[in-house]
Every structure is written in structure tokens, then in C-alpha cells.
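Chain by chain, the residues:
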Amino acid sequence: MAVGSLAFLAACGGDDASVDDGAITLGNSQWLDADRGEGLWNAVSAFEDASEHSVERVDYPSGEIATTLTTELGAGQGPDVMFIQDNVFESFVDAEFLEPLDDVVADAENLNETNDGGVSDGTQYGVAWQRAPFAVLYNQAHLDEAGIAMPETVDELIQNADVLSEELGIQGLGDPSPLVDDSRWLQHINIWTYGSGGSWSDGEGNLTIDTPENIEGVETIKELYDAGVFSEEGFHDSRGAFAQGQVGMVSEIGGGALVASLEGAVDPQDLHVAEHPMPEPAYHQQLYVAVNANSPNVEEAKEFVSWLLTDEGQEELREASGADPLATDVPVTDEFAAENPWAEGLLEIGYETQSTLIEGYELETTEIMTLVMDQVQEVLVNDVPAEEALAEAQAEAEELVGTGGE
């Protein structure tokens, strides 16, 4: 990872503030999220009323949190508690930056499978903060006006996206083109490959990039691309356009649904969610709570994590988190579900989706998927057959990880 600036630590009030005033510092990029960020911070701040400790927020811009934390932890600094995505979590486990949490989870009750990825070599280094599953968020009012239903097949998705564009003058499908938002497509490809029953490894040390299922998934992407239904706007622009009623359907997570509900021009009652029109579920992003092994407040930090896993902590988080699966199966409140028709459906979908990390090659996932997407672009732009492109990606990835020829 690229090296960030240590000056950022002082600007955020990180490790030094923890030593000076005894507060437990909590580092997260989500504290900066519009609307939801304050709610999430208020949720974790409830720990102060349940303990003798205070908490202090450490803000990280989402595009900088990985590199900045890597620099800070490498220097033996950083916040006491971190809220990080699974790929960052894996790299921190590998670098021995994280404190084991076995004693914390030993006292916890009702933990669900979202915590399983926080275990490495039998040791628990993280617990689930939120899981963000991708599903199709759609505007029912637009579909009703156009006289169509939520599509159940890829052909229907193409047809209905065209109808929305022609009849209402809006973007039918808001998903960015792979040529516009290629970095996001390192994960977004899994909607169609996982959806076709594919995977990138067999879990036993073998990469499975050029399987028939993955080939079928890439051919589906090619079909959508050739049909012209992908948006030419980036992900965040498409999210904003959906919130303003200018998009009919989009692949989204709960955070995007909340943006549309809280900040948008659409009626939250018109927002609904469905699985992608594919045989198998898509993917999710997983965030973990982890404790800095070099924190001067390790025990206090672990006490915070322990509280977060209690019924009280989970209920506080549920109020602010929306419909993301949490560390326990705390339900969406009746009030939230009534105000947001998409909520319970998205929560259910979240327990069916898969991780984007390649089993057995978690640390190499980004590099491997970059090779895959380079070849997918050859399929889209130069009409290279998907079978040929993925065979090349398989060979390149095997060479990268050192398994070629075995």
C-alpha cells in the first residue's frame, strides 16, 4: 500500500489524544458520511453511558483510510479501535498489527456468521461491524409509470432498462460501465460471475478463473455492455442521480438506499430492493471492528468491542446502520421497516451473498482481479471471446501467485 502522511494522525486527534485524556479513539471513514455518519457516531458514543470510559472519534476520508492506517500502525501509532474493510483487515492480520479478541468473543452471545471472516489461524482478530450486500435498488413509481415489473432475467433487465429510458427519459440501469469505473468493477464483476455460479478459487489452493461459470458471467456482462444499458457516469454520480429520481434501477448497498431515503427527492415508500436477475446471489462488502495491538489502551478498547456485541450495543448500532447485517441477528425495527420498504429485503439478501476475497489468496485478491478485469475489457472493447480472455487471466494469475505449471 502507498505510504500516507503521519501528520494526518495529529490532525485527527489520534493516538496522542488517547494518551492525554484517557479517551478510547475510534478510527473510521464512516464518521464523515452525510446523515448516517453522525448516527453511527452517536450509536458508539452510547458506550460512555455504559462504562467509565470516554470515546473520541478519528475521521478518515474513505479514499485514504487504508494507506493512512497502514502508515500509522507501521509506526506503532494509530487509533485504539478501527473499523475497516475485509481486504484491509487481512493485510493488518498479516502484518501483526491487530490484538487477538478471543476473550472478547468468548463472552459474547448470539454471534452470527458475519464474524467468521474475522478469524485467522484459529484466532479472532476482528468482529463484524457491518456487512454491505449489493442488490438491485429500484424506484417502484418509475416502474409503475412505465408499465413494467422488476426484471427476473437478464433479457428482461435489458428490455426494462430500455423502456425506462424511452418512456421516462431517465437512465434505466444506473450501474456504471466497466470502462468508466474499472476499480469498482474489481468487485462489481462478481454480481455476474457469482450470479452464474462462479468463483475464483476452489478453496484448496487452486485458482478457478477460466471455469464455464465465470465465462458465462463475463458473457453476460458483454451482453449488457453491447446493449448499451450501463451508465456512463461513475458510481457516486449514479448514486446521486438515483436519489434525485433520474435512475430507475441500480446495484446498491444499504448506504446508498439511505442516501436516497434521507437526502433524495424520491419518496422512500417508492424504494424497493430485489436480488439481481441471476441464478445465484451476488456479493457483499464486509467491515470489521479491530483493536490496535500497539494501543496504550488495549484492555479499554477490548471492553468497547465487548460492549458493542451486547444487545444494547447492537440495538444502538441497528438504529443508525439501517438494514446491514450486523454481528448478531438484531432485527430491523418495525418503525424503520415501515419507513423504508427496502430494509428487510436487503437484510435477508445480506445473509446469502458472498465475500469478494478470493479464498486462499485473500492478500492477492486485488492484484488477481486487476488481471481479470484487464482481460474483461478486452472482451468488451475488442470482442475477444470470454473463454480466451479468462484463460489468459488464469495463466497470468497463476504466474503472479507462483502456481503456474503445477
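Going by the structure above, here's the rest.
No experiment lies behind these values; they were computed from the predicted model shown.

Colleague: Can you walk me through the environment of P151 in this structure?
Modeller: Relative to the assigned elements, P151 resides in the loop between α8 (140–146) and α9 (154–168). P151 sits in the buried class, given a relative accessible area of 3%. For the pair P151 and A141, spaced 10 residues apart in the sequence, the C-alpha separation amounts to 15 Å. Once residues within four sequence positions are removed from consideration, P151 is found in contact with E156, L157, N160, M249 and P277.

Colleague: Would you mind going over unusual backbone geometry with me for this structure?
Modeller: Negative phi values dominate among residues other than glycine, just as trans dominates among peptide bonds. Of note in the backbone geometry, N110 takes a positive phi value of approximately 65° without being a glycine. Position of N110 relative to the elements: it lies in the loop between α7 (102–106) and β4 (119–120). The phi dihedral of D121 is positive, around 50°, even though this residue is not glycine. Structurally, the position occupied by D121 is in the loop between β4 and β5 (123–124). Of the residues examined, D121 reaches a relative accessible area of 80% and is grouped as exposed.

Colleague: Where do I start with the packing of aromatic side chains in this structure?
Modeller: A ring pair, where both rings are aromatic, is described by two values, the distance of the centres and the angle of the planes. Within this structure, the stated rule accounts for 13 aromatic pairs. On the basis of an interplanar angle of 40° and a centroid distance of 6.1 Å, the ring pair of F304 and W307 is categorised as tilted. With F304 and W307 both in helix α15 (residues 298–308) and 3 residues apart, the pair spans about one turn of that helix. The same class applies to F304 and to W307, which are both buried. Over the ring of F235 we find R184, and its NZ or CZ is 3.7 Å from the ring centre.

Colleague: So what exactly am I meant to see when it comes to the sheet that holds strand β7 (residues 135–139) here?
Modeller: In a beta sheet, neighbouring strands are held together by backbone hydrogen bonds and run either parallel or antiparallel to one another. Read from one edge of the open sheet, 4 strands run β8-β9-β7-β10, paired in mixed fashion. A strand with exactly one partner marks an edge of an open sheet, and here the two such strands are β8 (171–173) and β10 (271–274). Between one strand axis and the next, the sheet turns by 30° as a mean value, whatever way the strands run. In the packing of α9 onto the sheet, contacts are made with β8 and β9 (247–252), and the angle to β8 comes to roughly 165°.

Colleague: Even after reading the chapter, I still don't get the pattern of salt bridges, so can you show me in this structure?
Modeller: Side-chain pairing between opposite charges can occur once the charged atoms of the two side chains come close. For the coordinates displayed, the defined rule picks out 8 salt bridges. The partner of D103 in a salt bridge is K302, with the nearest N and O atoms 2.9 Å apart. Separated by 199 residues along the polypeptide, D103 in helix α7 and K302 in helix α15 bring together distant segments of the chain. A residue is classified by how much of its surface remains accessible, and K302, at 7% relative accessible area, is buried. One connected set of salt bridges, linked through shared partners, spans D33, R36 and D324.

How each quantity is defined
Residues numbered from 1 in each chain as written. Predicted model: local features only at pLDDT ≥ 70, side-chain atom pairs only at ≥ 80, totals over all residues. Heavy atoms only, no water. Helix = DSSP H or I, 4+ residues; strand = E, 2+ residues; numbered from the N terminus. Buried < 20%, exposed > 50% of the residue type's maximum accessible area, 1.4 Å probe, protein only. Contact = heavy atoms within 4.5 Å. Phe/Tyr/Trp six-rings, centres within 6.5 Å; stacked < 30°, edge-to-face > 60°. Lys NZ or Arg CZ within 6 Å of the ring centre and 35° of its normal. Pairing = 2+ DSSP bridges. Axes fitted to C-alpha atoms, helices over the stretch in contact; angles between N-to-C directions. Salt bridge = Lys/Arg side-chain N within 4 Å of Asp/Glu carboxyl O.

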